[in-house]
Protein chains: 2
Amino acid sequence: MNKQTLIQAHNRIKPFIHKTPVLTSQLLDEKAGCNLYFKCENFQKMGAFKMRGAANAILSLSQEERKRGVVTHSSGNFAQAVSLAAKKLGVKAYIVMPENAPQVKKDGVRTYEGEIIECDSTPQAREATANSIKEEKGATFLHPSNQDEVIYGNSTAAIELLEEQPNLDLILTPVGGGGLIAGTALAAHYFSNNCKVIGGEPMEADDAYRSLISGKIETNESFHTVADGLRTHLGDRNFPIIQKYVDKIIRVEEDEIINAMQLIWERMKIIIEPSCAVPFAAVLKNKEEFKNKNIGIILSGGNVDVTNLPF
Amino acid sequence: MNKQTLIQAHNRIKPFIHKTPVLTSQLLDEKAGCNLYFKCENFQKMGAFKMRGAANAILSLSQEERKRGVVTHSSGNFAQAVSLAAKKLGVKAYIVMPENAPQVKKDGVRTYEGEIIECDSTPQAREATANSIKEEKGATFLHPSNQDEVIYGNSTAAIELLEEQPNLDLILTPVGGGGLIAGTALAAHYFSNNCKVIGGEPMEADDAYRSLISGKIETNESFHTVADGLRTHLGDRNFPIIQKYVDKIIRVEEDEIINAMQLIWERMKIIIEPSCAVPFAAVLKNKEEFKNKNIGIILSGGNVDVTNLPF
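Definitions and cut-offs
Residues numbered from 1 in each chain as written. Chains lettered and ligands numbered in written order. Predicted model: local features only at pLDDT ≥ 70, side-chain atom pairs only at ≥ 80, totals over all residues. Heavy atoms only, no water. UniProt positions renumbered as here; feature names shortened; annotations may be inferred. Salt bridge = Lys/Arg side-chain N within 4 Å of Asp/Glu carboxyl O. Helix = DSSP H or I, 4+ residues; strand = E, 2+ residues; numbered from the N terminus. Buried < 20%, exposed > 50% of the residue type's maximum accessible area, 1.4 Å probe, protein only. Contact = heavy atoms within 4.5 Å. Buried area = accessible area lost by both parts, 1.4 Å probe. Polar contact = N/O pair within 3.5 Å; in protein donor to acceptor, adjacent residues only side chain to side chain. Axes fitted to C-alpha atoms, helices over the stretch in contact; angles between N-to-C directions. Parallel < 35°, antiparallel > 145°, perpendicular 65-115°, else oblique. Left-handed = near helix turned anticlockwise from the far one by under 90°. Least-squares fit on C-alpha atoms with pLDDT ≥ 70 in both. Phe/Tyr/Trp six-rings, centres within 6.5 Å; stacked < 30°, edge-to-face > 60°. Lys NZ or Arg CZ within 6 Å of the ring centre and 35° of its normal.

Per an unreviewed UniProt entry, the recorded name for chain A is Pyridoxal-phosphate dependent enzyme, and the organism is Winogradskyella litoriviva. Its UniProt record gives chain A the following Cofactor (unreviewed entry) comment, quoted word for word: "pyridoxal 5'-phosphate".

Shown next as structure tokens:
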């Protein structure tokens, strides 16, 4: 892949995504001691950056593959993204979800006409069910974060941010499955002049932090974090990119995540999910390091149950 | 006053306000059966349209008057707006507040360096305290809604909306003290081609609805509404404008307000106060009447205690 790969991905998905706004806040800049540029993927179609990767993955399929449909296992934003992107392209989407997934997540997928296939709530059952649909329907499997086309699609949020703010010193993203930070790191490498990329991760799910130290993909034994989108680990497609192009990972505590989320809600009047607040929490935790810098933050999504908040 | 009065007000306040964005939502359009254009004054400085009226009122004072300061009684957004506008202009702001006002409101005023003068929690005490400051300090009294310069300042939100969307069939605003709808009605009269203006009001504080029927300013006996910004009544400066230029007032129930607020939060990922949801609730309640129309809605503010929500 090269710079052209990312440009092609961007051109391919443009008709299917919003060019989301970049917002600033004088009050938050004063609080953080730096200049913050928030790329608002919470305003993206279906409410998260995942739309970019899902759209690019489906658009990269042949006509023959599209006819047979796509399948993924996700109970989060990627399920909705695949459903919506597939719907727009007239492609059938099979979404494998644990039978105990929250009703609101199932409703989200059904809104976009994805077909839900329920399975037991274990990783093994999810994989087996997805595999059987692959075989039975000939559907193409799409991975939420560990697939090249998804990573290239995700890179386009940072490409747009850098187009608007070419002088960023660094960009921060949350780190969950690794698809967003890998795409962002590629974008910074090809489209900026030395802009660093840093990840934010909950202390309670710090697999990426440990992976960069050990040099192999680490996992989490438990996930006691409010940042529900980050309860996962890296994959073999995105980990080498992260090793090569990501500067470091900063870990934050649960109360720091909740505090950062509340600050963005109250001061910017926008709704972001807990996962999305992790990079801002990392900035607030390291004010000295980031002092007076121009910092881009990818606000990854805004799908949150507003009747059940952590504050 | 004439069209020029409003243009002058707009030019006067431009350096002190944000030109707020106009947002749309395909999902909400589908739900409502019309084309909605949301003017996002929740993103305005200090979080509400009140900044426009407060800035225009202070900028309209003579240098001599500015030296002696300004005084208002408000426990809501106008208190913060006066404090911030005064601070930016180097003018002293005295804010009369009931001693039992919520801490968060007092903190808001102090953030913008307004001086709080506490008084008993009765309308009489508020007025007496404000009067004594007027006499003692020579400060100019600013009314939150019933003052020409405030109304002209408020009109500029609709002027900007009509600049961006000249083909609106109607604009809806919430109705509290009457300052926003009066300004909006003047803007529609002078800057549109037949765009109607309609008010949204809680059934539980429907003084403006009754005032338009009786032909005199009615008040409310109680205020059992979640729309805390609308617990007040019209005044002698704005009522004649409303009588002349406002098409009608639509009343909505409490559950309709809360439902509309939650829909905007969940679908648009933006934070609005309950008062602000009343016009959208009025649209949802009258789908047939508004079918396929181009409708502007002034989202009046976003200052809400996110730890204490009605849903």
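Trainee: Outline the pattern of salt bridges, supporting the account with residue identities and numerical values.
Mentor: Evaluated as defined, the whole model comprises 28 salt bridges over all chains. With its nearest N and O atoms 2.8 Å apart, the salt bridge here joins Glu115 of chain B to Lys92 of chain B. Taken together, the residues Glu115 of chain B in strand 5 (residues 115-119) and Lys92 of chain B in the loop between helix 5 (77-88) and strand 4 (93-98) connect sequence positions 23 residues apart. Residue classification places Glu115 of chain B among the partly exposed residues on the basis of a relative accessible area of 33%. Two residues, Arg251 of chain B and Asp206 of chain B, come together in a salt bridge whose shortest N-O distance is 2.8 Å. Of this pair, Arg251 of chain B sits in strand 9 (residues 248-252) while Asp206 of chain B is found in the loop between strand 8 (196-202) and helix 10 (207-214), placing the two residues 45 residues apart along the sequence. Among the ionic contacts, a cluster of salt bridges with common partners joins Lys39, Glu41, Arg52 and Glu160 of chain A.

Trainee: Describe in detail the interface of chain A and chain B, supporting the description with residues and values.
Mentor: If you look at the interface, chain A gives 20 residues, while chain B gives 20 residues. Taking both sides of the interface into account, the surface hidden between chain A and chain B amounts to around 1600 Å²; carbon and sulfur atoms contribute 63%. Of all residues in chain A, Lys269, Ile271 and Val306 of chain A give up the largest surface area on contact with chain B, accounting jointly for 37% of the area buried on that side. For the pair chain A and chain B, the number of links is zero salt bridges. Counting across the interface, chain A meets chain B through six residue pairs in polar contact (both at pLDDT 80 or more).

Trainee: Would you mind going over the packing of helix 5 of chain B against helix 6 (residues 103-111) of chain B in detail, with residue names and values included?
Mentor: Residue and element names in this part refer to chain B. The interhelical angle for the contact between helix 5 and helix 6, taken along N-to-C directions, is 10°, at an axis separation of 8 Å. In this view, helix 5 runs roughly parallel relative to helix 6, as classed from their interaxial angle. Between helix 5 and helix 6 lies a crossing of right-handed hand. Residue-level inspection shows Ala79, Gln80, Ser83 and Lys87 of helix 5 in contact with helix 6, the latter providing Gly108, Val109 and Thr111.

Trainee: Report on the relation of the copies chain A and chain B, specifying residues and quantitative values.
Mentor: Here chain A sits on chain B after a turn of 180° about the axis and a move of 0.0 Å along it, with an RMSD of 0.0 Å. Considering both components of the superposition, the chain copies are consistent with a two-fold axis. Among all residues of chain A, the one whose C-alpha sits closest to the rotation axis is Ile270 of chain A, at a distance of 2.1 Å. A share of 100% of the interface residues of chain A reappears at the interface of chain B, consistent with the copies meeting face to face through the same patch.

Trainee: For the packing of aromatic side chains, give the residues involved together with the corresponding values.
Mentor: Enumeration over the complete set of coordinates arrives at five aromatic pairs over all chains. Their ring planes at 70° and their centres at 5.7 Å tell us that Trp265 of chain A and Trp265 of chain B sit as a pair that is edge-to-face. Remark: Trp265 of chain B occurs in helix 12 (residues 254-268) and Trp265 of chain A occurs in helix 12 (residues 254-268); the pair is interchain, linking two chains. Owing to a relative accessible area of 0%, Trp265 of chain A belongs among the buried residues under this scheme. Ring geometry for Phe38 of chain B against Phe280 of chain B: centres 6.0 Å apart, planes inclined by 75°, an arrangement best described as edge-to-face. You can see Phe38 of chain B sitting in strand 2 (residues 35-40) and its partner Phe280 of chain B sitting in helix 13 (residues 278-285), a full 242 residues away along the chain. Of the two residues, Phe38 of chain B and Phe280 of chain B, neither departs from the other in class, the shared state being buried. Stacked on the ring of Phe191 of chain A, the Lys or Arg Lys3 of chain A has its end atom at 5.0 Å from the ring centre.

Trainee: How would you explain unusual backbone geometry if you had to name every residue and give the values?
Mentor: We note that Asn194 of chain A has phi near 75°; this positive angle belongs to a residue other than glycine. Here Asn194 of chain A is to be found in the loop between helix 9 (179-191) and strand 8 (196-202). With phi around 65°, Asn292 of chain B is a residue other than glycine that occupies positive phi space. With respect to the element layout, Asn292 of chain B can be found in the loop between helix 14 (287-290) and strand 10 (294-299). What makes Asn292 of chain B exposed here is its relative accessible area of 59%.

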